[in-house]
Amino acid sequence: MSFVPPLLAWYDMNARELPWRSTHSAYRTWISEIMLQQTQVDTVIPYFQRWMDRFPDVQTLAASDEQEVLSHWEGLGYYSRARNLHRSARILVDEHHGMLPRSVQGLENLPGIGPYTAAAIASIAFGLDVAAVDGNIRRVLSRVFNVEAPARSPESEKQIWSLAEQHLPQGRAGVYNQAMMDLGALICT
(Lines give C-alpha, C1' and ligand atoms only; values in the text may rest on other atoms or scores of the structure.)
Protein backbone atom coordinates (compact mmCIF):
# COMPACT_ATOMS: atom_id res chain seq x y z
CA MET A 1 0.00 0.00 0.00
CA SER A 2 1.22 3.48 -0.82
CA PHE A 3 2.00 5.84 2.04
CA VAL A 4 0.55 8.76 0.06
CA PRO A 5 -3.19 8.44 0.91
CA PRO A 6 -2.54 8.29 4.68
CA LEU A 7 -0.02 11.14 4.31
CA LEU A 8 -2.54 13.36 2.54
CA ALA A 9 -5.27 12.45 5.07
CA TRP A 10 -2.87 13.34 7.91
CA TYR A 11 -2.06 16.65 6.21
CA ASP A 12 -5.74 17.50 5.76
CA MET A 13 -6.10 17.28 9.55
CA ASN A 14 -2.70 18.63 10.64
CA ALA A 15 -1.45 21.15 8.08
CA ARG A 16 0.35 24.04 9.74
CA GLU A 17 -1.46 27.36 9.51
CA LEU A 18 1.15 29.53 7.86
CA PRO A 19 0.63 33.08 6.57
CA TRP A 20 1.78 32.22 3.04
CA ARG A 21 -0.84 29.48 2.90
CA SER A 22 -3.72 31.71 4.02
CA THR A 23 -4.01 33.49 0.67
CA HIS A 24 -3.03 31.54 -2.42
CA SER A 25 -0.74 33.54 -4.68
CA ALA A 26 2.39 32.77 -6.66
CA TYR A 27 4.06 35.87 -5.26
CA ARG A 28 3.45 34.82 -1.63
CA THR A 29 4.67 31.30 -2.38
CA TRP A 30 7.82 32.63 -4.04
CA ILE A 31 8.64 35.02 -1.18
CA SER A 32 8.04 32.36 1.46
CA GLU A 33 10.17 29.77 -0.33
CA ILE A 34 13.08 32.20 -0.63
CA MET A 35 12.77 33.26 3.01
CA LEU A 36 12.62 29.63 4.13
CA GLN A 37 15.92 28.74 2.46
CA GLN A 38 18.17 27.76 5.39
CA THR A 39 15.81 29.46 7.87
CA GLN A 40 13.28 27.98 10.32
CA VAL A 41 9.55 28.58 9.80
CA ASP A 42 9.07 30.26 13.20
CA THR A 43 11.81 32.76 12.36
CA VAL A 44 10.35 33.51 8.92
CA ILE A 45 6.74 34.19 9.94
CA PRO A 46 7.15 37.74 11.33
CA TYR A 47 9.53 38.69 8.51
CA PHE A 48 7.07 37.39 5.93
CA GLN A 49 4.22 39.37 7.46
CA ARG A 50 6.24 42.61 7.56
CA TRP A 51 7.46 41.97 4.00
CA MET A 52 3.92 41.56 2.72
CA ASP A 53 2.84 44.75 4.45
CA ARG A 54 5.62 46.71 2.72
CA PHE A 55 5.99 44.77 -0.56
CA PRO A 56 2.52 43.32 -1.25
CA ASP A 57 3.27 42.51 -4.89
CA VAL A 58 6.08 42.12 -7.38
CA GLN A 59 5.58 45.61 -8.79
CA THR A 60 6.05 47.25 -5.39
CA LEU A 61 9.15 45.14 -4.74
CA ALA A 62 10.63 45.94 -8.16
CA ALA A 63 10.05 49.68 -7.70
CA SER A 64 11.70 49.74 -4.27
CA ASP A 65 15.24 50.80 -3.48
CA GLU A 66 17.65 47.95 -2.72
CA GLN A 67 18.56 49.45 0.66
CA GLU A 68 14.92 49.41 1.71
CA VAL A 69 14.61 45.79 0.59
CA LEU A 70 17.71 44.90 2.60
CA SER A 71 16.44 46.76 5.66
CA HIS A 72 13.22 44.69 5.61
CA TRP A 73 15.37 41.55 5.34
CA GLU A 74 17.66 42.56 8.20
CA GLY A 75 18.03 39.74 10.71
CA LEU A 76 17.18 36.90 8.30
CA GLY A 77 20.79 36.57 7.13
CA TYR A 78 22.02 35.33 3.77
CA TYR A 79 21.38 38.77 2.25
CA SER A 80 21.99 37.50 -1.26
CA ARG A 81 18.46 36.07 -1.03
CA ALA A 82 17.02 39.59 -0.64
CA ARG A 83 19.19 40.95 -3.44
CA ASN A 84 18.10 38.08 -5.69
CA LEU A 85 14.43 38.70 -4.86
CA HIS A 86 14.85 42.34 -5.79
CA ARG A 87 16.71 41.54 -9.03
CA SER A 88 14.13 38.89 -9.90
CA ALA A 89 11.25 41.28 -9.24
CA ARG A 90 12.75 43.75 -11.69
CA ILE A 91 13.23 41.01 -14.28
CA LEU A 92 9.63 39.88 -13.78
CA VAL A 93 8.28 43.40 -14.25
CA ASP A 94 10.55 44.18 -17.21
CA GLU A 95 10.34 40.87 -19.06
CA HIS A 96 7.32 38.90 -17.78
CA HIS A 97 4.55 41.47 -17.20
CA GLY A 98 5.07 41.11 -13.44
CA MET A 99 4.24 37.41 -13.47
CA LEU A 100 6.32 34.48 -12.28
CA PRO A 101 7.08 31.94 -15.01
CA ARG A 102 4.76 28.95 -14.85
CA SER A 103 7.46 26.35 -15.52
CA VAL A 104 10.30 24.89 -13.49
CA GLN A 105 12.82 25.93 -16.15
CA GLY A 106 11.47 29.47 -16.29
CA LEU A 107 11.62 29.76 -12.50
CA GLU A 108 15.18 28.39 -12.40
CA ASN A 109 16.23 31.17 -14.78
CA LEU A 110 15.52 33.73 -12.06
CA PRO A 111 18.33 34.70 -9.64
CA GLY A 112 18.35 32.67 -6.45
CA ILE A 113 16.00 29.90 -7.59
CA GLY A 114 17.41 26.40 -7.78
CA PRO A 115 15.79 23.01 -8.44
CA TYR A 116 14.04 22.62 -5.07
CA THR A 117 12.68 26.17 -4.95
CA ALA A 118 11.52 26.04 -8.57
CA ALA A 119 9.74 22.72 -7.98
CA ALA A 120 8.13 23.96 -4.77
CA ILE A 121 6.83 27.14 -6.40
CA ALA A 122 5.69 25.30 -9.54
CA SER A 123 3.77 22.66 -7.58
CA ILE A 124 2.31 24.88 -4.85
CA ALA A 125 1.58 28.05 -6.82
CA PHE A 126 0.78 26.60 -10.23
CA GLY A 127 -0.33 23.03 -9.51
CA LEU A 128 2.35 21.49 -11.72
CA ASP A 129 3.05 17.82 -11.12
CA VAL A 130 6.65 18.12 -9.96
CA ALA A 131 8.32 16.73 -6.88
CA ALA A 132 10.30 18.97 -4.56
CA VAL A 133 12.98 17.67 -2.23
CA ASP A 134 14.08 19.75 0.74
CA GLY A 135 15.68 18.61 4.00
CA ASN A 136 12.35 17.59 5.53
CA ILE A 137 11.27 15.60 2.48
CA ARG A 138 14.71 13.99 2.21
CA ARG A 139 14.49 12.90 5.86
CA VAL A 140 10.96 11.46 5.48
CA LEU A 141 11.74 9.51 2.31
CA SER A 142 15.04 8.26 3.69
CA ARG A 143 13.25 6.81 6.70
CA VAL A 144 10.14 5.51 4.96
CA PHE A 145 12.19 3.74 2.29
CA ASN A 146 15.25 2.93 4.41
CA VAL A 147 17.69 4.73 2.13
CA GLU A 148 21.09 3.51 3.26
CA ALA A 149 23.32 5.60 1.03
CA PRO A 150 25.07 8.42 2.92
CA ALA A 151 22.95 11.55 3.17
CA ARG A 152 23.62 14.07 0.41
CA SER A 153 25.75 11.63 -1.55
CA PRO A 154 25.08 11.56 -5.30
CA GLU A 155 23.60 8.06 -4.90
CA SER A 156 21.31 9.19 -2.08
CA GLU A 157 20.21 12.35 -3.92
CA LYS A 158 19.32 10.37 -7.03
CA GLN A 159 17.40 7.79 -5.00
CA ILE A 160 15.50 10.39 -2.96
CA TRP A 161 14.47 12.43 -6.02
CA SER A 162 13.38 9.22 -7.74
CA LEU A 163 11.27 8.18 -4.72
CA ALA A 164 9.69 11.64 -4.51
CA GLU A 165 8.75 11.50 -8.19
CA GLN A 166 7.51 7.87 -8.06
CA HIS A 167 5.04 8.65 -5.27
CA LEU A 168 3.89 12.02 -6.56
CA PRO A 169 0.07 11.94 -6.78
CA GLN A 170 -0.98 13.42 -10.11
CA GLY A 171 -2.94 16.63 -9.67
CA ARG A 172 -1.95 16.94 -5.98
CA ALA A 173 1.78 17.65 -6.14
CA GLY A 174 1.57 20.92 -4.20
CA VAL A 175 -0.39 19.31 -1.38
CA TYR A 176 1.92 16.25 -1.40
CA ASN A 177 5.06 18.39 -1.24
CA GLN A 178 3.66 20.50 1.60
CA ALA A 179 2.44 17.40 3.44
CA MET A 180 5.91 15.89 3.23
CA MET A 181 7.46 19.15 4.47
CA ASP A 182 5.05 19.33 7.41
CA LEU A 183 5.55 15.66 8.30
CA GLY A 184 9.31 16.17 8.30
CA ALA A 185 9.07 19.35 10.35
CA LEU A 186 6.50 18.15 12.89
CA ILE A 187 6.82 14.37 13.25
CA CYS A 188 9.83 12.96 11.43
CA THR A 189 12.39 15.19 13.11
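Our structure is the block above this text.
All figures in this text were calculated on a predicted structure; none of them were measured in a lab.

A. Region of interest: the packing of aromatic side chains. Considering all chains together, one arrives at 5 aromatic pairs under this definition. Ring centres of Phe 3 and Phe 145 lie 5.6 Å apart, and the angle between their planes is 75°; this geometry places the pair in the edge-to-face category. Pair noted here: Phe 3 is in the segment before α1 (4-14) and Phe 145 is in the loop between α10 (135-144) and α11 (154-166), with a separation of 142 residues, a long-range link. Measuring from ring centre to ring centre gives 5.9 Å for Tyr 27 and Trp 30, while their planes differ by 65°; the resulting arrangement is edge-to-face. Residue Tyr 27 and its partner Trp 30 are located together in helix α3 (residues 26-35), separated by 3 residues, close to a single helical turn. Across this residue pair, the class does not change: Tyr 27 and Trp 30 are buried. What links up through ring pairs into an aromatic cluster is the set Trp 51, Phe 55 and Trp 73. We note Arg 50 situated over the ring of Tyr 47; from NZ or CZ to the ring centre the distance is 4.7 Å.

B. Up close: unusual backbone geometry. Backbone geometry at His 97 places phi at a positive 55°, although glycine is not the residue there. As for its position among the elements, His 97 is in the loop between α7 (80-95) and α8 (104-108). With a phi close to 50°, Asn 146 is a non-glycine residue in the positive phi region. Residue Asn 146 is classed as exposed on the basis of its relative accessible area of 52%.

C. Seen up close, the packing of helix α6 (residues 66-73) against α7. Taken N-terminus to C-terminus, the directions of α6 and α7 make an angle of 135°; their axes are 9 Å apart at the nearest point. As far as their axial angle goes, α7 and α6 are oblique. Crossing angle aside, the handedness with which α6 passes α7 is right-handed. Where α6 abuts α7, its residues Glu 66, Val 69, Leu 70 and Trp 73 lie against Arg 81, Ala 82, Arg 83, Leu 85 and His 86.

D. How the structure looks around α6. Of all the positions in α6, only Val 69, Leu 70 and Trp 73 are classed as buried. Looking straight down α6, one finds that the buried residues subtend no more than 95° of arc, so they occupy a single side. Residues of α6 that are buried sit in contact with α3, α4 (41-54), α5 (58-63) and α7. Where α6 starts, the residue carrying a side-chain oxygen 2.9 Å from the main-chain nitrogen of Gln 67 turns out to be Asp 65. Two residues or fewer past α6, Gly 75 is found with a positive phi of approximately 105°.

Cut-off values and rules
Residues numbered from 1 in each chain as written. Predicted model: local features only at pLDDT ≥ 70, side-chain atom pairs only at ≥ 80, totals over all residues. Heavy atoms only, no water. Phe/Tyr/Trp six-rings, centres within 6.5 Å; stacked < 30°, edge-to-face > 60°. Helix = DSSP H or I, 4+ residues; strand = E, 2+ residues; numbered from the N terminus. Buried < 20%, exposed > 50% of the residue type's maximum accessible area, 1.4 Å probe, protein only. Lys NZ or Arg CZ within 6 Å of the ring centre and 35° of its normal. Axes fitted to C-alpha atoms, helices over the stretch in contact; angles between N-to-C directions. Parallel < 35°, antiparallel > 145°, perpendicular 65-115°, else oblique. Left-handed = near helix turned anticlockwise from the far one by under 90°. Contact = heavy atoms within 4.5 Å. Arc of directions from axis to C-beta. Polar contact = N/O pair within 3.5 Å; in protein donor to acceptor, adjacent residues only side chain to side chain.

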